[in-house]
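Each chain, letter by letter, is given below.
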Amino acid sequence: MLEMKLYSYRRISSAVQKKGHGLSRQSDTELLQRLSAKYNLPISDEVFSDEGRSAYHGDHLENDLGRFLHAVEIGKVRKGSILVIESLDRLSRQAVNKAQELFLSIINRGVRIYTGIDDKLYDSEDQNLSASLIVSLIYFERANNESAHKSFRTKAAQKAAIKKYLSGERCIIPTGKNPSWVAVNEERNGFDLVPDKQRTLLRLSELYLEGKGMVAVVRQLAAEGYEPITKAHNTTVYQRLIRSPMLYGEKTYTIERHKYELPDYYPPVMDRETWLRMQHQRTKRVRQRGQTPDIKLLTGIGITKCGYCGSPIVSHGKNTLICRTKTRGTDHCVRGTVNQTALEDAILASVNDCKGLLFKPNNDELTVKRIKLVEELEQVKAKIKRLVKLVALLDDEIEDTAIELNKLQVQKNHLEADIENLEISDQKKNVTLEDWQPYLDSHHPDRQRLRELIQDTFESILVHCIGSWADIDTLDEMIEHQDFYQKKYVASVELIARTGERYGITLHKNNGGYEIGYVPKLTEKDRSEIDRLNQLHGVS
């Protein structure tokens, strides 16, 4: 039988926090021992720790905290156990409703939460639970506000640096990690190659282009005494590394769903032609093994989503796409899969056939849009100025005015961000049919470039795995009769371009064919069958 235990969870989101990790770990051990004696509970041997995971964006929910939550959900953590954390912001920095939902999902299953910073135990059986919930709300609100302000400032600094770089001034963008084969130069406005690691990468590319597999490459690099790129020569790391455009100097940032490509940001280890030859060699080796190319064109880019529930579409098996909700064993979406290759081919054909997907606003249109935003920003600033004067005159009942002032400040921040994005977009090259022309084949060896073009062209790709029927309004009806719709052997995809254009694709699963701009409808016979099923199952 499972016993109640003490479980420790740590989350370290930055290098600054990591510096004090050793001392903090010692304090954790002492705290756990004290709590073990106080509550007469053994300390679990299982360690839950997320390093470099953001609680503001919810990254930790996909890692160790997610693993603990799943253990609580399936009953592997016994009721009465205690989760020990430093403070509630280690648990979540998301919006209050999400943070509170996460908090309640733990204590409502009988698992208590202890916070070391204030020596407080949160327990669903506590007689003062209402007060405890109010305290937790205040903590979560404060943590989210701190992260939101920090995120806004960070993104503003990043966009300012990107704008400076794209205008021709060398600088370092304050975000993310840099590859291990470069070091910041003395002027601190760019990077220099690390000679030993550069030699390793050049030798790696030579061996790989000779046709050697990555396992053989790693062995030979170690035998010849080359310095590892990471802590040790690693096949998985190198397989991922050879796909990176950073090898020829290009860095890509995505900020607020805007993608910025920075050519020559890093000093190149090799030229683009050599890198492309490596991609061709890699896809050739993959196909020789009878697999699909491992650079996915549609998954992992943040725009391909389930048209029913909005969850990401993910790979499932060698050449299949599915709604992520269904991979987690829930009933909140329909069953159904789509052939990855067939969908890729259909999307590339739509790019060639539907020229509206590639039309971008010209500079004049961007200028007009910027003028309107600037005018709106000036109006908001004027309102803020008037309200500030009003607050200074009021002695009582200023709460409503303060709330309105806060809303205007948020609106001002968003307008400034929109203007910043427009100014940067004005310096970017628009995606045109000419850019696409060499790549209108899903078997093109430079699948990384294909993936980038898809990201640059589309705002969203909505996949309906069992069809987007013109006369179906609710997901509930699709779920209720998904077996019926599965028999239609049709999947529908809606393409929403960054130009604002929308196109539909219908995939025929039985023969791999597709039609662009077609949305299937149910026949009278189909509707009669659904009505019959409704009556059979007592559905009104």
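Conventions used here
- Position numbers for residues count from 1 along each chain, tracking the sequence in the order it is written.
- Local features in a predicted model are, by the rule used here, given only for residues with pLDDT of at least 70; side-chain atom pairs are given and counted only at 80 or more, and totals for whole chains, interfaces and linings are based on all residues.
- Side-chain numbers come from the whole structure's heavy atoms, not from hydrogens or water.
- Following DSSP output, two strands are said to pair if at least two bridges run between them.
- Strands are runs of DSSP state E lasting at least two residues, helices are runs of H or I lasting at least four, and both sets are numbered from the N terminus onward.
- The convention used is that axes are lines fitted to C-alpha atoms, helices contributing only their stretch in contact, and that angles between N-to-C directions extend from 0 to 180 degrees.
- Here a residue-residue contact requires only that any non-hydrogen atoms of the pair lie within 4.5 Å.
- Here, expected helix span is obtained from the residue count minus one, scaled by 1.5 Å.
- Each residue is assigned to one of three classes by its accessible area relative to the maximum for its type, calculated with a 1.4 Å probe on protein chains only: buried under 20%, partly exposed between the two thresholds, exposed over 50%.
- To obtain the arc, one takes the directions from the helix axis to the C-beta atoms.
- A carboxyl oxygen of Asp or Glu within 4 Å of a side-chain nitrogen of Lys or Arg is what we treat as a salt bridge.
- Under the rule applied, a polar contact is a pair of N or O atoms within 3.5 Å (in protein, one hydrogen donor and one hydrogen acceptor; residues adjacent in sequence only if both atoms are side-chain atoms).

Student: Describe the sheet that holds strand E11 (residues 313-315), with residues and values.
Tutor: A sheet is described by the order of its strands in space; here three strands give the open sequence E11-E12-E13, paired in antiparallel fashion. Only two strands of the sheet have a single partner each, and these edge strands are E11 and strand E13 (337-339). Ignoring which end each strand starts from, the neighbouring axes of this sheet average 35° apart. Both E11 and strand E12 (residues 320-323) contribute to a ladder of three bridges, which runs antiparallel. Looking at the pairing, Ile313 lines up with Cys323 of E12. Here helix H12 (residues 340-353) sits on the sheet in contact with E11, E12 and E13, set at roughly 65° to E13.

Student: I'd like a description of helix H5 (residues 96-107), backed by residues and values.
Tutor: Taking 1.5 Å of rise per residue, 12 residues should cover 16 Å, and H5 covers 16 Å from first to last C-alpha, within 8% of that figure. Taken residue by residue, H5 has Val96, Ala99, Gln100, Leu102, Phe103, Ile106 and Ile107 as its buried positions. One side of H5 holds all its buried residues, which, seen down the axis, span an arc of 160°. Opposite the buried face of H5, at more than 90 degrees from it, the exposed residues are Asn97 and Glu101. Of the surrounding elements, those touching the buried residues of H5 are helix H3 (64-73), strand E3 (82-85), helix H4 (88-91), strand E4 (112-115), strand E5 (120-122) and helix H6 (129-166).

Student: Now, about the sheet that holds strand E14 (residues 458-464): what can you tell me, with residues and values included?
Tutor: Overall, mixed pairing links the five strands, which are arranged E10-E14-E15-E16-E17 in an open sheet. Of all the strands in the sheet, the pair left with one neighbour each is strand E10 (304-306) and strand E17 (514-516). The mean angle between the axes of side-by-side strands here comes to 20°, regardless of whether they run parallel or antiparallel. Two elements, E14 and strand E15 (residues 490-497), share six bridges in a ladder whose sense is antiparallel. Note that in E15 the partner of Ile461 across the bridge is Leu495. Contacts between helix H16 (residues 447-457) and the sheet are confined to E14 and E15, with E14 contributing the most and set at about 100° to the helix.

Student: I'd like to hear about unusual backbone geometry, residue by residue, with values.
Tutor: The phi torsion of most residues other than glycine is negative, and most of the peptide bonds are trans. At Asn40, a position not held by glycine, the phi torsion is positive, near 55°. By the secondary structure assignment, Asn40 is in the loop between helix H2 (21-39) and strand E2 (48-51). One non-glycine residue, Arg188, adopts positive backbone phi at about 60°. For Arg188, the location among the structural elements is in the loop between strand E6 (182-184) and strand E7 (191-193). Judged by its relative accessible area of 62%, Arg188 is exposed.

Student: Give a description of the pattern of salt bridges that names residues and reports values.
Tutor: Evaluation of the coordinates by the stated rule reveals 14 salt bridges. Taking the shortest distance from any N to any O, the salt bridge between Arg199 and Asp196 comes out at 2.1 Å. On the criterion of helical spacing, the pair formed by Arg199 and Asp196 is a turn pair, its members being three residues apart in helix H7 (residues 195-209). Its salt-bridge partner being Glu261, residue Arg449 comes within 3.9 Å of it at the nearest N-O pair. Linking Arg449 in helix H16 with Glu261 in strand E9 (residues 258-262), this pair joins segments that are 188 residues apart in sequence.

Student: Outline the side chain of Ser87, listing residues and values.
Tutor: Assignment of secondary structure puts Ser87 in the loop between E3 and H4. Here Asp89 takes part through its side chain, which lies 2.4 Å from a polar atom of the side chain of Ser87. Once you skip the residues sitting within four places of it in the chain, Ser87 turns out to touch Thr115 and Ile117.

Student: Residues and numbers for the pairing of E12, please.
Tutor: Hairpin geometry of E11 and E12 is characterised by an intervening segment of four residues between the two adjacent antiparallel strands and by a positive phi of about 90° at Gly317. Pairing analysis gives three bridges linking E12 to E13, with the strands arranged antiparallel. The residue of E13 that forms the bridge with Leu321 is Val338.

Fair warning: the whole summary comes from geometry, so function is off the table for now.
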